[in-house]
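# Geometric and topological summary
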Amino acid sequence: MVRTRIIGTGSYLPERVVTNADVAAPLGVSPGHIDRLTGIRERRWAADHEASSDMAVIAGQRALDAAGCTAASLDAIILSTTSPDAAFPSTACHVQRRLGCRGVGAFDVAASCSGFLYGLSMAHAMVQSGHVRTCLVVSAEIKSRFLDPADEATAMLFGDGAGAVVVRGDTAADPHGSGVLGIRLHADGSRHELIRIPAGGSRTPASPETMQRQAHRLRMNGPSLFRLAIRRIEQAVQDILKEFGVRLDEVGQVVLHQANGRILAQVAQRLSIPPDRLSSVIERYGNTSSASLPIALDAAVRAGTITTGDLVLLGSFGGGLTWGTGLVRW
């Protein structure tokens, strides 16, 4: 049988550190208020010259280096972003060009904060079908360019960054060996209004009027999204554990989308996840949308929190609405 193994992880965070003091003044709140409300103390914002593809290339190369392989070995690139370099061509094609693996398939996925799991699911399916053997899955987001500094619901939360994994299909004699056990994806388009950028697409094209009313800024109904995120993640985690016959105490590390420190705390409390088994980088990097899960995953791997043989539970929730979970034997 073919196992889809994660053989390397990588991430990139911009150099610019943005503290709570930096974002608190336009909101008329204290830095401590932001910390208490979100669990975030600082985040990284991209430099003016940086685009999502620039960050994706660095994160992707670091994942390749960790995997001990070169870009020439890739058969496909899947890139998750809701802040692409441009409407088209795809940001994945820019990454392909920069990595120098000309001719391999490359495409973008837009599933908001769940994009990494959506991309990983596609890579897993492509490996299992025999279509590809080695695939780069990378998420890159520059949310800072779409923030309204006076909007308390969003301005204090979001940061920029990129995270990546290299997956490879290996023929395994042991059916219980390392690899992706399963990924389960969900969506509810009826709640699309809870987090969105209202203008800039074919329904509401850019115009002087949309610019004037700042319709190209990220907007979010924080309280409703907060409650839904907790319920959906909790249920999805319970469902995938039950499906695969796994107890939570058998899971070595839980890596969730880093949306908000209070969401992580609530999910951990409801599911009885011990603090040492819940990966968190929210305090340092904020919410980096679809990049947050692979960034947190890379941090855990490099810190030695995740080691060979560990069962790792992945989970995400974001705009669309979209959410998903995954189980991986490391």
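Residues numbered from 1 in each chain as written. Predicted model: local features only at pLDDT ≥ 70, side-chain atom pairs only at ≥ 80, totals over all residues. Heavy atoms only, no water.

## Concerning the layout of surface pockets
- Here the largest pocket is characterised by a volume of approximately 730 Å³.
- Thr 82, Ser 83, Pro 84, Ile 197 and Ala 199 are, among the 28 residues lining the largest pocket, the residues nearest its centre.
- If you list the elements that add at least two residues to the lining of the largest pocket, you get β5 (105-109) and β9 (195-196).
- Among the residues forming the lining of the largest pocket, the class breakdown is 14 nonpolar, eleven polar and three charged.
- The space that makes up the second largest pocket amounts to roughly 370 Å³.
- Lining of the second largest pocket is provided by 24 residues; of these, Ala 153, Leu 157, Met 220, Gly 222 and Asn 260 occupy positions nearest its centre.
- Listing elements by their share of the lining of the second largest pocket, those giving two or more residues are α2 (31-38), α6 (152-155), α8 (222-243), α9 (261-271) and β12 (311-318).
- Counted by class, the lining of the second largest pocket contains 15 nonpolar, seven polar and two charged residues. (1 Å grid on protein atoms, 1.4 Å probe; cavity = no way out; pocket = protein on both sides within 12 Å on 5 of 7 lines; lining within 4 Å. Points joined across faces, edges and corners; volume = space filled by probe spheres on them. Helix = DSSP H or I, 4+ residues; strand = E, 2+ residues; numbered from the N terminus. Nonpolar A, V, L, I, M, F, W, Y, C, P; charged D, E, K, R; others polar.)

## Details of the sheet that holds strand β1 (residues 2-12)
- An order of β1-β7-β6-β4-β5 is seen for the five strands of this open sheet, with the pairing classed as mixed. Two strands bound the open sheet, and with one partner strand each, they are β1 and β5. In this sheet, adjacent strand axes meet at a mean angle of 20° when their direction is disregarded.
- For strand β4 (residues 76-80) and strand β6 (residues 134-142), the ladder comprises five bridges, and the chain directions are parallel. (Pairing = 2+ DSSP bridges. Axes fitted to C-alpha atoms, helices over the stretch in contact; angles between N-to-C directions.)

## Let's talk about the pairing of β6
- Along β6, nine of the nine residues are buried, which leaves the element largely enclosed by surrounding structure.
- Here β6 shows two buried faces, one formed by Thr 134, Leu 136, Val 138, Ala 140 and Ile 142 and the other by Cys 135, Val 137, Ser 139 and Glu 141.
- With nine bridges connecting them, β6 and strand β7 (residues 160-171) associate as antiparallel partners. Looking at the pairing, Val 137 lines up with Val 165 of β7. (Buried < 20%, exposed > 50% of the residue type's maximum accessible area, 1.4 Å probe, protein only.)

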